[in-house]
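# Examining the three-dimensional arrangement
For reference, the chains in residue letters:
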Amino acid sequence: MISAQDLIFLLQGVPTTLSISLISFAMGFIVGMPIAMIRQLSRSFELSTVLEGYDKVMRGVPVLVIMLFLHFGLAGLVPLFRDPFISAVVALGLRSGAFQSQIFRSAMNSVGRDQMMAAISLGMTRAQAFRHIIVPQAFIVALPGLGSEIALLIKDSSYSFVLGVLDLAKYSDILRAATRSFIYPYLLAALIYVAMTFPVANYLDRWGSKLKTKYGLR
Amino acid sequence: MSVLKCRDLRKSYGDLQVLRGIDFEIEKGETKVIIGPSGSGKSTFLRLMGLLEPPTGGKIFFEGRDVYTSGLDLNIIRAKIGFVFQEPSLFRHLTALDNVKIGLKCVLKVNNDEATERAMEALKAVRMEEWANYYPAQLSGGQQQRVGIARALAMDPDVILFDEPTASLDIELTWEVIDVMRDLAKRGITMLVVTHEIAFAKEVADEISFMDGGKILESGPPDQLLRSPKTPRARRFLTRLLGGI
Amino acid sequence: MFLLDYSYLIVQGFEMTLVMTFLGLGGGLVLGVLSALGDVYGGRALRALIGAYVEFFRGSPLIVQLLLFYFSVPTVTGVRWDAFTAGTVTLMLNSGAYQKGYFKGAIEAVFKDQLLAAKSLGMTFWQTLRHVVLPQAFRVVIPSWTNEYVSLGLSTSALIVIGLRELTTVSKSIAAQTFKPLQVYLLTGLIYLIWISASLKALDHVYSRVRIPGLEVSAEAS
Ligand SMILES: Nc1ncnc2c1ncn2[C@@H]1O[C@H](COP(=O)(O)OP(=O)(O)O)[C@@H](O)[C@H]1O
Ligand SMILES: [Mg+2]
């Protein structure tokens, strides 16, 4: 049967799960935001082809395969990837970069052309209009999407289990092996995941729509 | 015998009394028009008479039989009462023709060939036969509304209820719908129409009723009711309505 | 090339990936439509039940769900089941939870006025569902459904945790045997990439054929 001890044991995996998710989210932001800007502003054909290719790969290959590729395939060339934690974070971060760039791009598009026109008519340059008018509004529109993205990362951080990272999923597996109880460890872990993803997704969704109504966006 | 009749019809939504006891009947071949200010309960009255919502009091009779107590199949009666809505409410995944056919096939179990034939006939009656294979999104509001009329007409109903069918249309589109309705009235189709197209009402209505505050305050032939309404409220309403013309 | 010796295994693995994707999507479609209908038209208890189901499967990782079902069902029921069955059932339940959201949005996109119109023609609830609501919902749901196809297809790689021999599992063992992980995983990634891109093209083609003017609006997933 389940005990408080088991719960505490499982919770040891939570910090790892959260750090993987949050670091990869930050990395996704650092990768995704510039990509969104470049694809929105740049007229270079080569650049946009490359970025499109990046997007296609990240959307067309399982994140687990990217993890395995980094950790087992590239570790010989890049010693950094001998660390399974780093491999997991980088794989998730790269994919999140593609996802976040899409979130920001559609947010920028929804803020719209007329705002850009209005700003330019005030004498702003395109870049200024972008920075002061479009991006701040796009952030608000992007909030719900970003919430789902964090939730997705929390869940998908569990793929690091396959590399042997000691995350929540791994702890539940250890607990199963140790207690020989086949239900509670996993069930409990699943519920802890729900407890983590649910608030993030819902909070950002609500915050986003509140701000949207306040500023009369879409 | 009346086609459709109600006695002391009442409807409340929670504490809000929308209909406060309405007596009304319409006979075969008649055209009756209802006018009244917005919020007076006209749409609610029509929805109740179309058996789309149950009343909270009173009785509705279809061809003399109490529809809610005589164990009749409501869907069979609904099929005999046509309804045209204020907003064109065509099925958006079906062409004009299929919109008209669907009731025939699903409810009346008419076979496909006969359904097509009857539907085309109905589309002709509303002058939409050339648009039979277009989807609602490809039609103007007035055209959609005419297909909506054809959809009701094709079922060969005993009466058709119209809830301000032109209220959501631009003026130019209003005429094409009104023309069609005038044709139907002259063909002897039994019609109960909520509308503020006074010229139409004057021409085809056998009787106009004025509704306010969930009650029918007065009824009469068009000439009398439009020219010399008895109740002050009807007078005020008509002055405003006709004053604008 | 060394991989040729393993091509037969890779093909088998890829076949398994396809089979699991389609089983999961198909079962998920049925579950998703049913729970969307239950959520829109059902009573309070049913809706609470559906809500819990969806929240659980959307809020937790597929990996943990797979482990849970694979290990717990034999314990609880005493019935032995293999990785294939456990994997299929879990994927169906998982996909159903996501598809429920898409279909709910699509069903609600069929506006009230059309339901009233159907009623006025004398159509029953089931006739309305079959002839008015579902045909429109299926078309409106298409963009979200494409996403679900891609996302479920890629997440079949999670089946590795219960040892089912789909593409990722097979690749991992080939990589270990050949000591050539770099090439093996590149190839694996390429296979997934080609599969997904080709599927998207094919789906696009199918969709352009069933498209109806005015119905291409995408449903907000809820
Ligand atoms: N389904 C409903 N629920 C609550 N109130 C309603 C409903 N339908 C109509 N009402 C109310 O009933 C009153 C009459 O509405 P309606 O019948 O639409 O009037 P009309 O068609 O004359 O403008 C309004 O105050 C309206 O808000
Ligand atoms: Mg009204």
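No experiment lies behind these values; they were computed from the predicted model shown.

## Things to note about the overall build of chain B
Across its full length, chain B holds nine helices and 10 strands. Relative to the compact-globule value of 18 Å for 245 residues, chain B shows a C-alpha radius of gyration of 18 Å, a close match. Projected onto its principal axes, the C-alpha positions of chain B cover 55 × 45 × 35 Å. A sequence separation of at least 24 residues applies to 65% of the contacts in chain B between residues at least 6 apart. Distance between charge centroids for chain B: 5 Å, based on 33 positive and 34 negative side chains.

## Concerning the site of ligand 1
Residue and element names in this part refer to chain B. Every residue near ligand 1 is listed here: Tyr13, Leu16, Val18, Pro37, Ser38, Gly39, Ser40, Gly41, Lys42, Ser43, Thr44 and Arg47. Within the side chain of Lys42, one N or O atom sits 2.8 Å away from an oxygen atom of ligand 1. The side chain of Ser43 places a nitrogen or oxygen atom 2.7 Å from an oxygen atom of ligand 1. Breaking the shell around ligand 1 down by element, the ones donating at least two residues are strand 2 (16-27) and helix 1 (42-49).

## Focus on the packing of helix 1 (residues 7-41) of chain C against helix 2 (residues 44-59) of chain C
Residues and elements named next belong to chain C. Between helix 1 and helix 2, the least distance of the axes is 9 Å, while the angle of their chain directions is 140 degrees. The angle between helix 1 and helix 2 places the two elements in the oblique class. Pair helix 1 / helix 2 crosses with left-handed handedness. Side by side, helix 1 and helix 2 meet where Leu31, Ser35, Gly38 and Asp39 of the first sit next to Leu46, Arg47, Ile50 and Tyr53 of the second.

## Description of the interface of chain C and chain B
Chain C puts 21 residues into the contact, and the matching count from chain B is 25 residues. When chain C packs against chain B, close to 2000 Å² is buried across both sides, 68% of that on carbon and sulfur atoms. Remark: the boundary between chain C and chain B carries zero salt bridges. There are five residue pairs in polar contact (both at pLDDT 80 or more) connecting chain C and chain B. When contributions to the side of chain C that touches chain B are tallied by element, the ones reaching two or more residues are helix 5 (112-120) and helix 6 (125-140) of chain C. Looking at the side of chain C that touches chain B residue by residue, the class counts come to 10 nonpolar, eight polar and three charged.

## Details of empty space enclosed by the protein
Per the counting criterion, the structure on display carries two cavities of 30 Å³ or more. In this model, the largest cavity occupies a volume close to 70 Å³. Gly82(B), Phe83(B), Ala152(B), Ser120(C) and Leu121(C) are the residues nearest the centre of the largest cavity, which is lined by 13 residues in total. Where the lining of the largest cavity is concerned, the elements lending two or more residues are helix 2 (74-80), strand 6 (81-84) and helix 5 (141-154) of chain B together with helix 5 of chain C. Residues belonging to the lining of the largest cavity are distributed by class as follows: eight nonpolar, three polar and two charged. Roughly 40 Å³ of internal volume is contained in the second largest cavity. In this structure, the second largest cavity is lined by Phe83(B), Val84(B), Phe85(B), Pro88(B), Ser89(B), Leu90(B), Gln144(B), Gln145(B), Gly148(B) and Arg151(B). Looking at the lining of the second largest cavity, the elements that each hand over two or more residues are strand 6 and helix 5 of chain B. Looking at the lining of the second largest cavity element by element, the count peaks at four residues for helix 5 of chain B. Residue classes in the lining of the second largest cavity are distributed as five nonpolar, four polar and one charged.

## A few points about the pattern of salt bridges
Residue and element names in this part refer to chain B. A full pass over the atoms with the stated rule returns 23 salt bridges over all chains. In this structure, Asp179 and Arg182 form a salt bridge, with 2.9 Å as the shortest nitrogen-oxygen distance. On the criterion of helical spacing, the pair formed by Asp179 and Arg182 is a turn pair, its members being three residues apart in helix 6 (residues 171-186). In this structure, Asp223 engages Arg227 in a salt bridge whose closest nitrogen and oxygen atoms are separated by 3.9 Å. Taken together, the residues span about one helical turn, with Asp223 and Arg227 both in helix 8 (residues 222-227) at a distance of four residues.

## Overview of the sheet that holds strand 8 (residues 191-194) of chain B
Residue and element names in this part refer to chain B. Sheet architecture is open: six strands sit in the order 6-7-8-3-9-10, paired in mixed fashion. What marks the edges here is a single partner per strand, and that holds for strand 6 and strand 10 (215-220). On average, each strand axis in the sheet is inclined to that of its neighbour by 20 degrees, with strand direction left out of account. Looking at chain direction, strand 6 and strand 7 (residues 159-163) are connected through four bridges and run parallel. Considered in strand 7, the bridge of Ile81 is made with Val159.

## Let's talk about the interface of chain C and chain A
Interface size is commonly expressed as the accessible area that is lost once the parts come together. Taken residue by residue, the interface counts 34 residues in chain C and 33 residues in chain A. Of the roughly 2900 Å² buried at the junction of chain C and chain A (both faces included), carbon and sulfur atoms supply 80%. The interface formed by chain C and chain A includes zero salt bridges. The interface formed by chain C and chain A holds four residue pairs in polar contact (both at pLDDT 80 or more) in total. Those elements giving two or more residues to the side of chain C that touches chain A turn out to be helix 2, helix 3 (62-77), helix 7 (142-155), helix 8 (167-178) and helix 9 (181-210) of chain C. Per-element tally for the side of chain C that touches chain A: the top contributor is helix 9 of chain C, with 10 residues. Residues that form the side of chain C that touches chain A fall into these classes: 21 nonpolar, 10 polar and three charged.

## Structural notes on the confidence of the model for chain C
Residues and elements named next belong to chain C. Here chain C averages 91 in pLDDT, while 96% of its residues score no lower than 70. With pLDDT under 50 throughout, residues 218-222 is counted as low confidence; its partners more than four residues away or in other chains account for 14 contacts. With pTM at 0.84, the complex prediction returns an ipTM value of 0.91.

## Overview of the pairing of strand 9 (residues 207-212) of chain B
Residue and element names in this part refer to chain B. For strand 9, a buried count of five out of six residues is recorded, marking the element as mostly surrounded by other parts of the structure. Pairing between strand 9 and strand 10: five bridges, direction antiparallel. Residue pairing for strand 10: Ser209 is matched across the bridge by Ser219. Here strand 9 folds back onto strand 10, and the loop between the two strands holds two residues, one of which, Gly213, carries a positive phi near 55 degrees.

So, how was this worked out
- Residues numbered from 1 in each chain as written.
- Chains lettered and ligands numbered in written order.
- Predicted model: local features only at pLDDT ≥ 70, side-chain atom pairs only at ≥ 80, totals over all residues.
- Heavy atoms only, no water.
- Helix = DSSP H or I, 4+ residues; strand = E, 2+ residues; numbered from the N terminus.
- Rg over C-alpha atoms; globule rule 2.2 N^0.38 Å.
- Contact = heavy atoms within 4.5 Å.
- Lys, Arg positive; Asp, Glu negative; His and termini not counted.
- Charge placed at Lys NZ, Arg CZ, Asp CG, Glu CD.
- Near = heavy atom within 4 Å.
- Polar contact = N/O pair within 3.5 Å; in protein donor to acceptor, adjacent residues only side chain to side chain.
- Axes fitted to C-alpha atoms, helices over the stretch in contact; angles between N-to-C directions.
- Parallel < 35°, antiparallel > 145°, perpendicular 65-115°, else oblique.
- Left-handed = near helix turned anticlockwise from the far one by under 90°.
- Buried area = accessible area lost by both parts, 1.4 Å probe.
- Salt bridge = Lys/Arg side-chain N within 4 Å of Asp/Glu carboxyl O.
- Nonpolar A, V, L, I, M, F, W, Y, C, P; charged D, E, K, R; others polar.
- 1 Å grid on protein atoms, 1.4 Å probe; cavity = no way out; pocket = protein on both sides within 12 Å on 5 of 7 lines; lining within 4 Å.
- Points joined across faces, edges and corners; volume = space filled by probe spheres on them.
- Pairing = 2+ DSSP bridges.
- pLDDT = per-residue confidence, 0-100.
- Buried < 20%, exposed > 50% of the residue type's maximum accessible area, 1.4 Å probe, protein only.

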